[in-house]
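The chain contents come next:
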Amino acid sequence: SIYTEITSPEYFAPGKHTLTYIITGLLIAPSGKETPFTETRSVILMIHETSRLQALEYSNKLEQIRLDMEQKGYKIENLKKWERDTQLLLQDREYDKIKKVYEQAQQEQNNANNANQLLKEMNTKLQQAQTKQIPTPNTTKLISMATRAFNRGDYATALENLQEAQLTYVVETKGDRKSTRL
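Procedures and definitions
Every chain is numbered independently, its residues counted from 1 as its sequence is written. Where totals are concerned, whole chains, interfaces and linings use all residues; where local detail is concerned, this predicted model gives features only for residues with pLDDT of at least 70, and gives and counts side-chain atom pairs only at 80 or more. Hydrogens and waters are ignored; side-chain quantities use all the structure's heavy atoms. Working convention: axes come from line fits to C-alpha atoms, limited for helices to the stretch in contact. Angles between N-to-C directions cover 0 to 180 degrees. Only runs of H or I of at least four residues qualify as helices and only runs of E of at least two qualify as strands under DSSP, and these elements are numbered from the N terminus. Any angle that falls under 35 degrees is termed roughly parallel, while one over 145 is termed roughly antiparallel, one within 65 to 115 roughly perpendicular, and all others oblique. Should the near helix be turned counterclockwise from the far one by less than a right angle, the crossing is left-handed, whereas a clockwise turn marks it as right-handed. In what follows, residue pairs with any heavy atoms lying within 4.5 Å of each other are defined as contacts. A pair of strands is labelled paired if DSSP reports no fewer than 2 bridges between them. What counts as a salt bridge is simple: a side-chain nitrogen of Lys or Arg found within 4 Å of a carboxyl oxygen of Asp or Glu. For each residue, the accessible area found with a 1.4 Å probe, counting protein chains only, is set against the maximum for its type, and the residue is called buried under 20%, exposed over 50%, and partly exposed in between.

Undergrad: What should I look at first to understand the packing of helix H1 (residues 52-71) against helix H3 (residues 95-131) in this one?
TA: Two packed helices can be described by the angle between their axes and the distance between those axes. As a packed pair, H1 and H3 sit with axes 9 Å apart at the nearest point and diverge in direction by 25 degrees. When the interaxial angle is binned, H1 and H3 end up roughly parallel. As H1 packs across H3, the resulting crossing turns out to be left-handed. Across from Arg52, Ala55, Tyr58, Ser59, Lys61, Leu62, Ile65, Asp68 and Met69 in H1, the residues of H3 making contact are Tyr95, Ile98, Lys99, Val101, Tyr102, Ala105, Gln106, Glu108, Gln109 and Ala112.

In C-alpha cells, the structure reads:
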C-alpha cells in the first residue's frame, strides 16, 4: 500500500492537477535475489469548490426553473440545452461548471419574469397615452422590438429594450403634458 500526504503551501486552484509519483524499491524473488526497480505513476487530482451533492441540487433546481418557465409559456430551448449540458458535466465531474449553468438559468428566469411584467406595464401606459392622444413613436418602436425579442426567447434584450422604453416614454409624455398645461 502507498500512503500519500500532500502538503501544499498555497491553495490549489479548482480544476485538474496531475501529480507524478516516482516509486523506487527492491523486488525480492523467492530465491532471495533482489532487483531494484523504479516506476513512474501519474495521478489526476481534481479540486472542486462545488461538491457532487451541491451539483445535483443545482441540476434539480435547473429542472424546476425549466418547468416553471414552460408552464408560463416562455421559450425554454436554452434551458433544455443547459439541462443536457448539466448531465454531461455531471458525468465529467465538472461540478463548478454546473453551478455556473444554474446561475445562468436563474438569470434567464429573472429576465423573463421581469420583461414579462414590464411589457404588461408598458403596454398599459401606451394605451393610456393613445387614449390621451399623446404620440409615443419611439416608445412604441422600443416596445415592438422588446416584444419580438421576448417572443424569440431573448429575455435579456427584451428587458433592455423595455427599460429604455420606460425612459423614452417619460420623455415623450412629459413634453406633451407641459404643452397642454399652458
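Undergrad: Help me understand the pairing of strand S2 (residues 34-47) in this model?
TA: On a regular strand, one side chain projects to one face of the sheet and the next to the other, so that they alternate. Summarising the sheet, strand S1 (residues 15-28) and S2 pair through 14 bridges and their orientation is antiparallel. From the neighbouring strand, Leu19 faces S2, where its bridge partner is Val43. Adjacent in sequence and paired antiparallel, S1 and S2 are bridged by five residues, among which Gly32 carries a positive phi angle near 100 degrees.

Undergrad: Before we go on, may I ask you to explain the pattern of salt bridges in this structure?
TA: A side chain with one charge may pair with a side chain of the opposite charge, provided their charged atoms come close. One pass over the structure, following the stated rule, counts six salt bridges. The partner of Arg66 in a salt bridge is Glu70, with the nearest N and O atoms 3.2 Å apart. Residue Arg66 and its partner Glu70 are both found in helix H1; the two are separated by four residues, about one turn of the helix. What makes Arg66 buried here is its relative accessible area of 14%. Taking the shortest distance from any N to any O, the salt bridge between Lys72 and Asp68 comes out at 3.5 Å. Residue Asp68 is classed as partly exposed on the basis of its relative accessible area, which comes to 22%. Through salt bridges with shared partners, a single ionic network connects Arg66, Glu70 and Glu83.

So, to be careful, I would describe these as geometric facts and stop short of saying anything about function.
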